[in-house]
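Listed here are the chains, written in short residue letters.
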Number of protein chains: 4
Amino acid sequence: MIVHLKDNISEPQSLELAHSHKAVYFRSKNTPVLVLPSAIKVLPVALEPLTKAHWPCDSDIQLASKAYKPETREVRWGKTVVGGNSGNTVVITGPCSVESLEQIEQSASLLNELGINTLRAGAFKPRTSPYTFQGMGIEGLQLLARMREKHGFSIITEVRDATHIEQVIEYADIIQIGAKAMYDHGILRRCGKAGKPVLLKRGFGSTLQEFVQCAEFILSGGNEQVMLCERGIRTFETKTRFTLDLCGVAYLKEYTNLPVILDPSHAMGYAYGVADLARACVAMGVDGILIETHPQPRVALSDASQQLNHDEFRTLYRSLQPVAAAVNRKLV
Amino acid sequence: MIVHLKDNISEPQSLELAHSHKAVYFRSKNTPVLVLPSAIKVLPVALEPLTKAHWPCDSDIQLASKAYKPETREVRWGKTVVGGNSGNTVVITGPCSVESLEQIEQSASLLNELGINTLRAGAFKPRTSPYTFQGMGIEGLQLLARMREKHGFSIITEVRDATHIEQVIEYADIIQIGAKAMYDHGILRRCGKAGKPVLLKRGFGSTLQEFVQCAEFILSGGNEQVMLCERGIRTFETKTRFTLDLCGVAYLKEYTNLPVILDPSHAMGYAYGVADLARACVAMGVDGILIETHPQPRVALSDASQQLNHDEFRTLYRSLQPVAAAVNRKLV
Amino acid sequence: MIVHLKDNISEPQSLELAHSHKAVYFRSKNTPVLVLPSAIKVLPVALEPLTKAHWPCDSDIQLASKAYKPETREVRWGKTVVGGNSGNTVVITGPCSVESLEQIEQSASLLNELGINTLRAGAFKPRTSPYTFQGMGIEGLQLLARMREKHGFSIITEVRDATHIEQVIEYADIIQIGAKAMYDHGILRRCGKAGKPVLLKRGFGSTLQEFVQCAEFILSGGNEQVMLCERGIRTFETKTRFTLDLCGVAYLKEYTNLPVILDPSHAMGYAYGVADLARACVAMGVDGILIETHPQPRVALSDASQQLNHDEFRTLYRSLQPVAAAVNRKLV
Amino acid sequence: MIVHLKDNISEPQSLELAHSHKAVYFRSKNTPVLVLPSAIKVLPVALEPLTKAHWPCDSDIQLASKAYKPETREVRWGKTVVGGNSGNTVVITGPCSVESLEQIEQSASLLNELGINTLRAGAFKPRTSPYTFQGMGIEGLQLLARMREKHGFSIITEVRDATHIEQVIEYADIIQIGAKAMYDHGILRRCGKAGKPVLLKRGFGSTLQEFVQCAEFILSGGNEQVMLCERGIRTFETKTRFTLDLCGVAYLKEYTNLPVILDPSHAMGYAYGVADLARACVAMGVDGILIETHPQPRVALSDASQQLNHDEFRTLYRSLQPVAAAVNRKLV
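The structure contained in this document is the topic of the report that follows. (Residues numbered from 1 in each chain as written. Chains lettered and ligands numbered in written order. Predicted model: local features only at pLDDT ≥ 70, side-chain atom pairs only at ≥ 80, totals over all residues. Heavy atoms only, no water.)

**Topic: the overall build of chain A**
Secondary structure assignment for chain A yields 10 helices and 15 strands. Relative to the 2.2 N^0.38 estimate, which gives 20 Å for 332 residues, the radius of gyration of chain A is 20 Å and therefore close to what a compact globule would have. Overall, chain A is about 65 × 40 × 40 Å in size when its C-alpha atoms are taken along their principal axes. The 332 residues of chain A split such that 67% are buried. In chain A, the proportion of contacts linking residues at least 24 apart, taken out of those at least 6 apart, comes to 67%. Accessible area for chain A stands at about 11100 Å²; split by element, carbon and sulfur atoms hold 50% of it. Taken together, the 36 basic and 34 acidic charged side chains of chain A have centroids lying 1 Å from each other. (Helix = DSSP H or I, 4+ residues; strand = E, 2+ residues; numbered from the N terminus. Rg over C-alpha atoms; globule rule 2.2 N^0.38 Å. Buried < 20%, exposed > 50% of the residue type's maximum accessible area, 1.4 Å probe, protein only. Contact = heavy atoms within 4.5 Å. Areas by Shrake-Rupley, 256 points an atom, 1.4 Å probe, with all protein chains shown as cover. Lys, Arg positive; Asp, Glu negative; His and termini not counted. Charge placed at Lys NZ, Arg CZ, Asp CG, Glu CD.)

**Quick look at the interface of chain B and chain A**
Tallying the contact residues gives 40 residues for chain B and 40 residues for chain A. With both chains or domains summed, chain B and chain A bury close to 3100 Å², and 71% of this area falls on carbon and sulfur atoms. Area buried by chain B at its contact with chain A is led by Phe 236, Cys 247 and Tyr 272 of chain B, which between them contribute 22% of it. Summed over the shared surface of chain B and chain A, the number is 4 salt bridges. The interface formed by chain B and chain A includes 8 residue pairs in polar contact (both at pLDDT 80 or more). Tallying contributions element by element places helix α7 (residues 246-255) of chain B first for the side of chain B that touches chain A, with 8 residues. Along the lines of polarity and charge, the residues of the side of chain B that touches chain A split into 22 nonpolar, 9 polar and 9 charged. (Buried area = accessible area lost by both parts, 1.4 Å probe. Salt bridge = Lys/Arg side-chain N within 4 Å of Asp/Glu carboxyl O. Polar contact = N/O pair within 3.5 Å; in protein donor to acceptor, adjacent residues only side chain to side chain. Nonpolar A, V, L, I, M, F, W, Y, C, P; charged D, E, K, R; others polar.)

**Focus on the interface of chain C and chain A**
The figure often quoted for interface size is the accessible area lost as the parts come together. Taken together, the contacts link 4 residues of chain C with 4 residues of chain A. Carbon and sulfur atoms supply 82% of the area that chain C and chain A bury against each other, a total of about 310 Å² over both sides. Sorting the residues of chain C by area buried against chain A places Arg 234, Phe 236 and Thr 238 of chain C first, and these three jointly supply 90% of that buried surface. Counting every contact that joins chain C to chain A gives 0 residue pairs in polar contact (both at pLDDT 80 or more). Looking at the side of chain C that touches chain A, its residues break down into 1 nonpolar, 2 polar and 1 charged.

**Concerning the pattern of salt bridges**
Opposite charge on two side chains makes pairing possible when the charged atoms of those side chains draw close. Residue and element names in this part refer to chain A. What the rule picks out here adds up to 80 salt bridges over all chains. Asp 276 is paired through a salt bridge with Arg 279; the nearest N and O atoms lie 3.1 Å apart. Residue Asp 276 and its partner Arg 279 are located together in helix α9 (residues 271-283), separated by 3 residues, close to a single helical turn. Given the relative accessible area of 17%, Arg 279 is considered buried.

**Here's the deal with the side chain of Asp 263 of chain A**
All names here are of chain A. Inspection of the secondary structure puts Asp 263 in the loop between β13 (260-262) and α8 (264-268). In terms of polar contacts, Asp 263 uses its side chain to reach the side chain of Lys 201, at 2.7 Å. Setting aside anything within four residues of it in sequence, one finds Asp 263 in contact with Lys 201, Cys 229, Glu 230, Arg 231, Leu 244 and Leu 290.

**Section: unusual backbone geometry**
A positive phi angle, close to 50°, is found at Asp 303 of chain A, a residue other than glycine. We classify Asp 303 of chain A as buried; its relative accessible area is 17%.

**Notes on the relation of the copies chain C and chain A**
Of the two same-sequence chains, chain C is brought onto chain A (RMSD 0.0 Å, axial shift 0.0 Å) by a rotation of 180°. Each copy turns onto its partner about a two-fold axis. Of the C-alpha atoms belonging to chain C, the one lying closest to the rotation axis is found on Phe 236 of chain C, 2.1 Å away. Here 100% of the contact residues of chain C are again contact residues in chain A; the copies associate through an equivalent surface. (Least-squares fit on C-alpha atoms with pLDDT ≥ 70 in both.)

**Considerations on helix α3 (residues 138-151) of chain B**
All names here are of chain B. Here α3 contains 14 residues, and its C-alpha end-to-end distance of 20 Å stays within 8% of the 20 Å for a straight helix at 1.5 Å per residue. Considered for burial, the residues of α3 that qualify are Gly 140, Leu 141, Leu 143, Leu 144, Ala 145 and Met 147. For α3, the secondary structure elements touched by its buried residues are α2 (101-114), β8 (118-120), β9 (154-159) and α4 (165-171). Once α3 finishes, Gly 152 follows within two positions and takes phi at roughly 80°, a positive value. (Expected span 1.5 Å × (residues − 1).)

**Describing the state of the cysteines**
Using the criterion set out here, one finds 0 disulfides over all chains in the structure. Unpaired in terms of disulfides, Cys 57 of chain A finds its nearest cysteine sulfur in Cys 214 of chain A, a separation of 17 Å. Judged by its relative accessible area of 4%, Cys 57 of chain A falls in the buried class. Not engaged in a disulfide, the cysteine Cys 96 of chain B finds its nearest cysteine sulfur in Cys 229 of chain B; these two sulfurs lie 13 Å apart. (Disulfide = S-S within 2.5 Å.)

**Side note on the side chain of Asn 223 of chain B**
Residues and elements named next belong to chain B. With respect to the element layout, Asn 223 can be found in the loop between α6 (208-219) and β12 (226-230). With relative accessibility at 5%, the residue Asn 223 sits in the buried group. Within polar-contact distance, the side chain of Asn 223 engages the backbone nitrogen of Gln 225 at 2.9 Å. With sequence-adjacent residues up to four places away left out, Asn 223 is seen in contact with Cys 191, Gly 192, Ala 194, Gly 195, Lys 196, Val 198 and Ile 218.

**Observations regarding the relation of the copies chain B and chain A**
Of the two same-sequence chains, chain B is brought onto chain A (RMSD 0.0 Å, axial shift 0.0 Å) by a rotation of 180°. Mapped onto chain A, 100% of the interface residues of chain B are again interface residues, and the two copies thus contact each other with one and the same surface.

**Side note on the packing of aromatic side chains**
How two aromatic rings sit relative to each other is set out by the distance from centre to centre and by the angle between their planes. Inspection of every chain in the model, using the stated rule, returns 28 aromatic pairs over all chains. With a centroid separation of 6.1 Å and an interplanar angle of 20°, the aromatic rings of Tyr 270 of chain B and Tyr 272 of chain B are classed as stacked. Accessibility expressed as a relative area gives 26% for Tyr 272 of chain B, which makes it partly exposed. Ring pairing ties together the aromatic residues Tyr 251 and Tyr 255 of chain A together with Tyr 270 and Tyr 272 of chain B, which thus form one cluster. Sitting above the plane of the Phe 242 of chain C ring, Arg 231 of chain C keeps its charged end 4.3 Å from the centroid. (Phe/Tyr/Trp six-rings, centres within 6.5 Å; stacked < 30°, edge-to-face > 60°. Lys NZ or Arg CZ within 6 Å of the ring centre and 35° of its normal.)

**Observations concerning the packing of helix α2 (residues 101-114) of chain D against helix α10 (residues 310-326) of chain D**
Residues and elements named next belong to chain D. Where α2 meets α10, the closest approach of the two axes is 11 Å, and the angle between their N-to-C directions is 20°. In terms of orientation, α2 and α10 fall into the roughly parallel class. α10 is crossed by α2, and the crossing has right-handed handedness. Of the residues in α10, those touching α2 at Gln 106, Ser 107, Leu 110, Glu 113 and Leu 114 are His 310, Phe 313, Arg 314 and Tyr 317. Tallied by class, residues from the contact of α2 with α10 come to 4 nonpolar, 3 polar and 2 charged. (Axes fitted to C-alpha atoms, helices over the stretch in contact; angles between N-to-C directions. Parallel < 35°, antiparallel > 145°, perpendicular 65-115°, else oblique. Left-handed = near helix turned anticlockwise from the far one by under 90°.)

**Let's talk about the sheet that holds strand β3 (residues 31-35) of chain B**
All names here are of chain B. Taken in spatial order, the 4 strands make up an open sheet running β2-β3-β1-β4, and their pairing is antiparallel. Edge positions in the sheet fall to β2 (24-28) and β4 (51-55), since each of these pairs with one other strand and no more. If you compare each strand with its neighbour and ignore which way they point, the axes differ by 20° on average. As defined by bridge partners, strand β1 (residues 2-5) adjoins β3 across 3 bridges and the pair is classed as antiparallel. (Pairing = 2+ DSSP bridges.)

By themselves these figures say nothing about function.
Dropping the structure here:
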């Protein structure tokens, strides 16, 4: 149950109430908010006189539920806004990994050419083998920051584990929590206090319930700028790398109030299917898509098979405009 | 390996060659065709003088492969054509099960109103419990035949098991092989001789490789009018009934020459997500979609939760036109 | 709900009652049995005076449930009994496919040497490609029948689809319904009238609920000699062919009254793991195991990688005795 | 490729060689070890004169492979040894979470009574909801340390994320990396330097390849005391919480040199199946099992449904002895 206490309830009293009701507490603008376990369906008598409004919830999807906020939350960064009444579908692109100044400048040119504002690239790569390229680390973050200064882009980059969360928070405009880190309490709790938008990727072995509950860790830390990213789940099918779960996206749109961003590149794992899937995602009316592009995919240090080259991306981007228009969305 | 023998090779000689090369034999128009195991990569010397053309294949996806025919095959029924150069996306609708004359007449009205030509409905239902409605059987087929006579529709209906395959072949314009019957050799082999289009649904636990190989049973029986239908696979996610595998659809479009029809209703299992998914499917440029509709979904005898009512379908249908146009497809 | 009518209720009256209550009817020895949909929790008033006993059920797992019969049902063939109070774990072996008289005689020697009574081998193979060995068909069944006559074995062999169900019923002592045919109503309903034990394999994409509900089709046809066979489910893991679901076996033992037979050969897909898995199965106290063996696995026409050679099987068989003893089971 | 340099190669020279060959470097006792990407199949000429021995590897499973060390590695803690020639199967038990001094003392009594030396309990719980019990944290670790001092147990406890890795390393005798943290580079790399045995749990959505490659992060950090723990994977089946992958265990035993510990409690999710599964695991000849027990499972603050009460565990433990003996293993 979500409880909005009256605005005049002090910080110490709110904390005490949270403690005595086993609730999580944060402040949403001026309003003290308590989140009690969802098993509690009736407002506790002791809270009645102190409460402005309250919402019982079906499950521990509480702050993210349409039962609490029936509209999609608005999330903003740089010149970009998604969710709310915006009708926007954001297109985010860039390489899997920052590899060099030259490479990232080529990516920047592509964004500039097409008027795209948000650049994605990874510096800390969650590779499955210790014997391959692990990302440029802090140096990669610094290259991304240079692109922001020079070109005015917003930067989205991934935190792999809690040891470098502070660096990512410092350099990124949007903090991306990778699929393999979805359950990482160290990251989730820190992001709850980060004051920046967070893109939470669904673990490829994670249910929708778990996925949204991980978003609750961030929301209940007081950070209301959370976006959900579906990037494919692991199934028995191995012709493609993962299986993009658009049925799950339909569920998220129906039951949660968080913007939904799709990542067809990681789902497919092969460049040939990305354009078709990207059009499908836009036709679903989602809030954004992430597409991996690389100036020369064949020599990419990670995810070589799934990145589009810049020509392929230009063609795709142009084809997305009429699809977005057909479902009353604007590409931004 | 696929071998086109010279047209003047006689039936008995073709059969003998098939036998001596452990090949499957059929006649495609005038051409005798042998399909040898895909492990054979070099044309056997004995066949050389008798052969017009041959295609080595990577796997036992042979007749269905783009390596053999690089264009999508054309399939026709009634006034409808899909595949080939048609640029068509067919919309097929109707109830899960035929339940009564009254019900199926109401469905017919909907099709007439929107100019839809192909009516779907099941008479033999592959229910998982013996203690629920099992379909109207032959009586259901007869009601569908009445709709064809009266309204000029083409009829697509499902064969559940080999015991009633003759009846379905007799009454249907398109034979639908259900997901649970995908591996049924009795059905597949009989459909290879049926002389009518076949819609083969992917088993929800079946890989793409197995799926297309089951289509090979029909194709190699001599029936070249085969369409593939993705209808959701079974994954760990249970908020939705199945997971529509659009990555798999991208694979089928890239590597096979068979038209692909999508069934978002069975994948989702809930009416609320069907419209969004249907738009996504159309944006992928597929050859058709199947949408379950019912005059009164709440009282449907099967699949009550996922069928759209007629108003919901009208709204959906109108919204599909601009999406189809955005990807240069025509709805038929 | 299961209803035992009084024994003196006549056949016509029973049928009429079944019709008016949308129930399935069969006769268990002298007792007329109705099975109503499980949604019915209270005995209908009209049935009260005609009823000897009744059992409400949680789901459409009814006849197979421990709620109905708390003990494992006894199933018998030849000299063998499993379930009931027998404490027996049956070991069944033989090749994947009958390939020749010579091959099957070698298998027979192995069984004779070890005192094994039940020979398994397939004649109708549910292959996924039309371009590979499809089984010897009726000729294979005849070879198996010769082994029965000569050596006194009981024969278990698989029905692939409904077109040859009569032949399998005629030749087999135990009818095996293969994983890909689990949902086949034509087979299930015919087996309900077959008067012989049936081994129903779980579809590799099928839930336990669906699996046991398919057994209900046979049981409610009046054939109470049904055994369940877990043979591995399809998961994301591809190092092994399937994933043997022993958690599911624990569920079946807890909630159903049918004997459970395990097939580690198909689950593993590689000979190297079969012995370890077989010992695990026996330690779980199951009613039997099926192990594929072949005189020369390398040249087997199907499933070459997973069949044990006869020496490997001898070693395994000897190692099973102490494991069975450790859990108070007898190998038969 | 794994390269053992000659023992007299100095630290600086080893580091330089590692750098120039993109290799990971650590010292195994006195031997400098380089691990090059597995794509390299031939010893680089520059390394030839400096090399004592080298092993090409099929995949990035290198240090953990039987190709490198054909025997299972020995791992030791307290009075316990597993792997090597020990023939031991260790039984580890205790509650899911430390909840109070009273509770953990009751668990301690159980261990003492049965002569079990290793106590498991979690202090940092990776819960999926922020609105439930999150573990006692450092206080929990201190209670576990008291049990070690008082009773002489070895303690195994879980690290949830990298923020408290130092505390877990300080207090634990065996560091358990939870399933949800399997990919956590911060944890894996720190464990590579921890100098204590590590139990790595398989992520429930992780392939065997990824699982063992995560162990490679620890091994290649120089910590050779790594054990693998299979605890169930996520599949479509929902009657049980997860699916214990014993086929996967057969793979691990065949291809890797790390001891394998099984956790049937988390796989099953329900107490009723744990005993049967535990016997199956022991019959497979694994190196150990983890069983969750609680003095009063019904009031447990986490995983209430799957923990055995102490009477159930006593019965189970006694039944394991003959099974272990049947496969020539000793319980420790």
